[in-house]
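Each chain, letter by letter, is given below.
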Amino acid sequence: MRILFINKFLHPNGGSETYIFRLGEHLKREGHEIQYFGMEHEKRCVGNAIDSYTSNMDFHGGNKLVKLTYPLKTIYSVEARKKLRLVLEDFSPQIVHINNFNYQLTPSIILEINKWKNEGHECRVIFTAHDYQLVCPNHMLNNPCTGRNCEKCLGKHFWHCIRGKCIHGSTAKSVIGATEAYVWNALHVYRHIDTIVCCSDFMKSKMDSNPLFQKKTVALHNFIDHVEWKKNEKKNYVLYFGRFSREKGIDTLLQVCRELPNIQFVFAGTGPLEKKMNQIPNIRNVGFQVGEELEKLIREARFCVYPSEWYENCPFSVMESQMYGTPVLGADIGGIPELIEVGKTGELFESGNKHELKKAILCLWNDKERTERYSANCRNISFDTIDQYCKKMMLIYTGKKKRKKMQ
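Numbers given to residues run from 1 along each chain, matching the order in which its sequence is written. The predicted nature of this model means local features are confined to residues of pLDDT at least 70 and side-chain atom pairs, given and counted, to a pLDDT of 80 or more, with totals for whole chains, interfaces and linings taken over all residues. With hydrogens and water stripped out, all remaining heavy atoms of the structure feed into the side-chain values.

Some thoughts on the environment of Cys166
Labels follow the DSSP assignment, with helices taken as runs of H or I lasting at least four residues and strands as runs of E lasting at least two, numbered in each case from the N terminus. By the element assignment, Cys166 lies in the loop between α6 (159-163) and α7 (171-186). For Cys166, a relative accessible area of 10% gives the class buried. For the pair formed by Cys166 and His139, sequence separation is 27 residues and the distance between their alpha carbons is 9.7 Å. Two residues form a contact once any of their heavy atoms are found within 4.5 Å. Sequence-distant contacts of Cys166, defined by excluding residues within four places in its chain, comprise Asn138, Asn143, Pro144, His160, Cys161 and Ser174. When a residue's accessible area, from a 1.4 Å probe over protein chains only, is under 20% of the maximum for its type it is buried; when over 50% it is exposed; and in between it is partly exposed.

Written out as structure tokens, the structure is:
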């Protein structure tokens, strides 16, 4: 099968890039032909046979004169259509698997794919939703100005984005984002997508606020590497690993850490709240960790805490912790509850509730027998490996699996 992955970034940049690289590599090993389309970049590591890409759009730097053209280009990209057309004609994909595309590539690429199909080419269009971009102009269902979760734009009420300055706190950027959403919904461009893959039931429920999407969505949790089970020698600390930012619930967690001076906390990561964290004596900040160092930290923790306050989708941190035999205390928000077996591999608390979080940490910390039992139960946890995930994805590619959740 010939599969074309579309993603605006074709270099390591975040979760969606990790997803397409891993998925593409595995499918290639299975004998499928894989190519990629997106922006050119000096660190681009995947591509297509004819080297056809759009020019890089750098919103945070670059030529100021060139950036004057960005407001129009973020809504409709003539260049993206032309460059994609070259790839479609050369590669003739049977599957076009779209990932993050808004602003840099724009939904105009979907028009080009549909035009190519109408000329007699058979092709299925799959979209993996890594965030809420099709129903929320700022992609997060969270207002950055207030820090609060917000669903006002659901149901195509995108003007709330302008009112709330939801894109970088800027009225101008929010106008562009809302305009983009209104234009492409009015043109019904998303009807040309065959299946929308959502990485959690929670995300599916939000995507289904658009009646068009209800007929297309399927929930499929992300894959994670299989790891060897080991009986871990636990040490006396509570671990948080991830970004140190407000939407991750770090402000609330730091308040709790101050009030629990007899408990050792280890933080692994980086972010804007790092200085604030370093002022608390019972927090050991080990910085950003990966690989064996991070694995060791997770395996040896009594339990991990994941206090997010925004609508998380399918956080790898929660999955990784349990795969390494460490129970998780997670916020009851977004897709997090779908990943934790309460009373077996971890516990939940009300997101943003400092008193509940403090009580839950104390409860687990003072009950070593319980955390040991939870840790042992993690041995039976079951998340899809890349091989299992790809088998399910092939059912989606071939149209044999559509709306129901895939187990």
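Considering the environment of Lys204
Within the fold, Lys204 resides in helix α8 (residues 201-207). With a relative accessible area of 13%, Lys204 lands in the buried category. Lys204 sits 72 residues away from Tyr132 along the chain, and the two C-alpha atoms are 9.7 Å apart. In the analysis that follows, any N or O atom pair within 3.5 Å is treated as a polar contact, provided that within protein one partner can donate a hydrogen and the other can accept it, and provided that, for residues neighboring in sequence, both atoms belong to side chains. Engagement of the side chain of Lys204 in a polar contact is seen with the side chain of Asp208, the distance being 2.8 Å.

Some points on the side chain of Lys206
Mapped onto the elements of the fold, Lys206 is located in helix α8. Within polar-contact distance, the side chain of Lys206 engages the side chain of Glu151 at 3.0 Å.

As for the pairing of strand β10 (residues 265-270)
Counting buried residues along β10, five of its six residues qualify, which places the element largely inside the surrounding structure. A strand pair is defined by DSSP finding two or more bridges across the two strands. Summarising the sheet, strand β9 (residues 238-243) and β10 pair through six bridges and their orientation is parallel. Opposite Phe241, over in β10, you have Ala268 as the bridge partner. Here a crossover is taken to be right-handed if, once the strands point away from the viewer, the path from the first strand over the helix to the second is traced clockwise. What joins β9 to β10 is helix α10 (residues 250-259), and the crossover it makes is right-handed. As defined by bridge partners, β10 adjoins strand β11 (residues 283-285) across three bridges and the pair is classed as parallel.

Quick word on helix α13 (residues 316-323)
Within α13, six of the eight residues are buried, which leaves the element mostly enclosed by the surrounding structure. Inspection of α13 places Ser317, Val318, Met319, Ser321, Gln322 and Met323 among the buried residues, and these make up the whole buried set. The inward-facing, buried residues of α13 abut β9, α12 (291-300), β12 (303-306) and β13 (328-331). Gly325 occupies a position one or two residues after α13 and carries a positive phi of about 85°.

A closer look at helix α5 (residues 108-118)
Every α-helix winds through 3.6 residues per turn, so residues three or four apart in the chain are directed the same way. For α5, the complete set of buried residues consists of Ser108, Ile109, Ile110, Glu112, Ile113, Asn114 and Trp116. Of the surrounding secondary structure, the elements contacted by the buried residues of α5 are β1 (2-6), α4 (78-91), β3 (95-98), β4 (124-129) and α7. Once α5 finishes, Gly120 follows within two positions and takes phi at roughly 110°, a positive value.

Points about the sheet that holds strand β7 (residues 195-198)
Pairing in this open sheet of six strands is parallel, and the strands run β2-β1-β3-β4-β7-β8 from one edge to the other. Two strands in the sheet have a free side with no partner beyond their single neighbour: β2 (33-37) and β8 (217-219). The sheet shows a mean angle of 25° between the axes of neighbouring strands, taken without regard to direction. Helix axes are fitted only over the stretch in contact, all axes being lines through C-alpha atoms; the angle between N-to-C directions runs from 0 to 180 degrees. Contacting β1, β3 and β4, α5 crosses the sheet at an angle of about 170° to β3.

What to know about unusual backbone geometry
Look at Ser92: it is not a glycine, yet its phi comes out positive at around 50°. Here Ser92 shows up in the loop between α4 and β3. Residue class for Ser92 comes out partly exposed when judged on its relative accessible area of 25%. Of note, the phi angle at His188 is positive, near 55°, even though the residue is not glycine. Along the polypeptide, His188 turns up in the loop between α7 and β7. Residue His188 is classed as partly exposed on the basis of its relative accessible area, which comes to 46%.

Here we look at the confidence of the model for the chain
The predictor attaches a confidence to each residue, called pLDDT, with possible values from 0 through 100. Looking at the chain as a whole, its pLDDT mean stands at 92, while 95% of the residues score no less than 70. Taken together, the stretch residues 65-69 has pLDDT below 50 and engages in five contacts with residues farther than four places along the chain or on a different chain.

Some words on the sheet that holds β11
Spatially, β11-β10-β9-β12-β13-β14 is the arrangement adopted by the six strands of the open sheet, whose pairing is parallel. Two strands bound the open sheet, and with one partner strand each, they are β11 and β14 (346-349). Averaged over all pairs of adjacent strands, the angle between strand axes in this sheet comes to 25°, irrespective of strand direction. Sheet contacts for α12: β9, β10 and β12; angle to β9, the most-contacted strand, approximately 140°.

Points about the nonpolar core
Only buried Ala, Val, Leu, Ile, Met, Phe, Trp, Tyr and Cys residues count toward a nonpolar core, and they belong to the same one when joined by side-chain atoms within 4.5 Å. The biggest cluster of nonpolar side chains holds 95 residues, and the ones touching the most others in it are Ile6, Phe267 and Ile361. Every residue in contact with Phe267, bar those within four places of it in the chain, is listed here: Tyr240, Phe244, Ile250, Leu253, Leu254, Cys257, Met277, Ile283, Arg284, Asn285, Val286 and Gly287. Counting 25 residues, the second-largest nonpolar core is a separate cluster that includes Leu10, Phe21, Ile34 and Val218.

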